[in-house]
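# Fold and geometry: a report
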Amino acid sequence: MGLKTSQYNAIMREYEQRQLKNHNIQTARYKEVYEKLPEFKELDDSISILSVQYGRKLLGGDEKAVDSLKEELAILRSSKRSLLVSAGFPEDYLEPIYDCKDCKDTGYIGNKKCHCFKKAIIKLLYEQSNIKGFPVEASFDNFRLDFYPANYYDRKTGRSSRAIMEDTLRICHEFIDTFGEDFRNLFFYGSVGVGKTYLSTCIAREIMDREFSVLYLSAPQLFNTLAQNAFDKKDIDAKNMNEYIFNCDLLIIDDLGSEYTNSFIASQFFTCINERLIHRKSTIISTNLSLEALADLYTERSFSRITSSYTLLKIIGDDIRIKMKLKGREDHSCYVEQNES
Ligand SMILES: [Zn+2]
């Protein structure tokens, strides 16, 4: 699991805020009850005095006195309960309040993380991943293999869009299932609208649900951040984001080639993917460019890093977005992909 110290601290701060919030509610409730029922306060005061006496007798080993005090305390507590209920308050109105009763808002049960802590990790990972605005239905459960026709062929290999996507899905699931153990990188390429971003989003969700950190950036967002950090060392946000680009468990760079490219960007891109390879941090890249176009746009060394360390997955099909709009209409024609890529 790739929780960073800053992420861990952010979650612990949330627990502290939760405890404080609930403590304040409880204090306000006590105030309300004391104002409405002065005799309730008197009972509380008597209990405090008796409790001190009880403690002393217990230490002194005076068993007889201990027993009678115990009885007296029980009677007082029962009177308090009756008084509270008869005034119309719920019986547990003054009990400690917890968002999570299992860990009493500490995040831990013994030295194990509570289920609410795991949920908080995933929530934080989603917030930091930059995929918050993405459609929630983007998941492998909703993936439509039928959008990839069995009669649409890749010109180079003669394989159908369907067969290629079946292989791609298998590789994506292997990537997810072995994440954190095996070190892999994926490279999706193919024309606009064939579902590359959708696939990346599905993978991102699965990886975050396994409590790994994911950062999703379009290529322009990535390069802007890298440039901002390079040129303005005082920009703390850019600095933090820059660190996250290099050390998150999974970096997804979407739409590579859509940014304005110059030699600075090309070298930043190389540094980014190279550093991540050295530290065995997985990366997924998607692009609408062909491999040839990519080789022209970036340096030879970047290109060779990708071809040697990434699983290259070409996705073909007719534009999924068009297909979705035409949903319900059968198409029996047979097509061969026209774009040589
Ligand atoms: Zn809990």
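Values in this document were obtained by computation on a predicted structure and should not be read as measured data. (Residues numbered from 1 in each chain as written. Predicted model: local features only at pLDDT ≥ 70, side-chain atom pairs only at ≥ 80, totals over all residues. Heavy atoms only, no water.)

With that settled, the discussion passes to the domain arrangement of the chain. Along its sequence, the chain is carved into domain 1 (17–99) and domain 2 (130–324). Each of domain 1 and domain 2 has a C-alpha centre, and these two points are 60 Å apart. (Domains from an automatic or database assignment.)

Residues in a regular strand point their side chains to alternate faces of the sheet. Burial along strand E4 (residues 186–189) is two-sided: the residues Leu186 and Phe188 and Phe187 and Tyr189 are all buried. In this structure, E4 lies alongside strand E8 (residues 311–314), joined through four bridges in parallel fashion. Paired with Leu186 across the two strands is Thr311, which belongs to E8. (Buried < 20%, exposed > 50% of the residue type's maximum accessible area, 1.4 Å probe, protein only. Helix = DSSP H or I, 4+ residues; strand = E, 2+ residues; numbered from the N terminus. Pairing = 2+ DSSP bridges.)

Let's shift gears to the side chain of Lys196. Relative to the elements of secondary structure, Lys196 occurs in helix H6 (residues 196–209). Of the side chains bearing the opposite charge, Asp255 lies closest to the buried Lys196, which forms no salt bridge; the N-O distance is 6.5 Å. A polar side-chain atom of Lys196 sits 2.9 Å from the main-chain carbonyl oxygen of Ser191. Here Lys196 is in contact with Phe188, Tyr189, Gly190, Ser191, Ser286, Thr287, Asn288 and Ile315, once residues within four sequence places are set aside. (Lys, Arg positive; Asp, Glu negative; His and termini not counted. Salt bridge = Lys/Arg side-chain N within 4 Å of Asp/Glu carboxyl O. Polar contact = N/O pair within 3.5 Å; in protein donor to acceptor, adjacent residues only side chain to side chain. Contact = heavy atoms within 4.5 Å.)

With a phi close to 75°, Asn130 is a non-glycine residue in the positive phi region. Structurally, Asn130 can be placed in the loop between helix H4 (115–129) and strand E3 (152–153). Relative accessible area serves as the criterion here: at 31%, Asn130 is assigned to the partly exposed category.

Metal coordination angles in their ideal form are 109.5 degrees for the four-donor tetrahedron and 90 or 180 degrees for the six-donor octahedron. Every protein donor of the zinc ion is accounted for by Cys100 (SG), Cys103 (SG), Cys114 (SG) and Cys116 (SG), and the metal-donor separations fall at 2.3 Å. Around the zinc ion sit four donor atoms, and with donor-metal-donor angles ranging over 102 to 115° the site reads as tetrahedral. The motif formed by the donor residues of the zinc ion, counted along the single chain, is C-x2-C-x10-C-x1-C. Here Cys100 is found in the loop between helix H3 (63–86) and strand E1 (108–109), whereas its partner Cys116 is found in helix H4, with 16 residues between them in sequence. Each member of the pair, Cys100 together with Cys116, is buried. (Donors = N, O, S within 2.8 Å, 3.2 Å for Na, K, Ca; no water. Tetrahedral: all angles 85-135°; square planar, octahedral: opposite > 155°, others 65-115°.)

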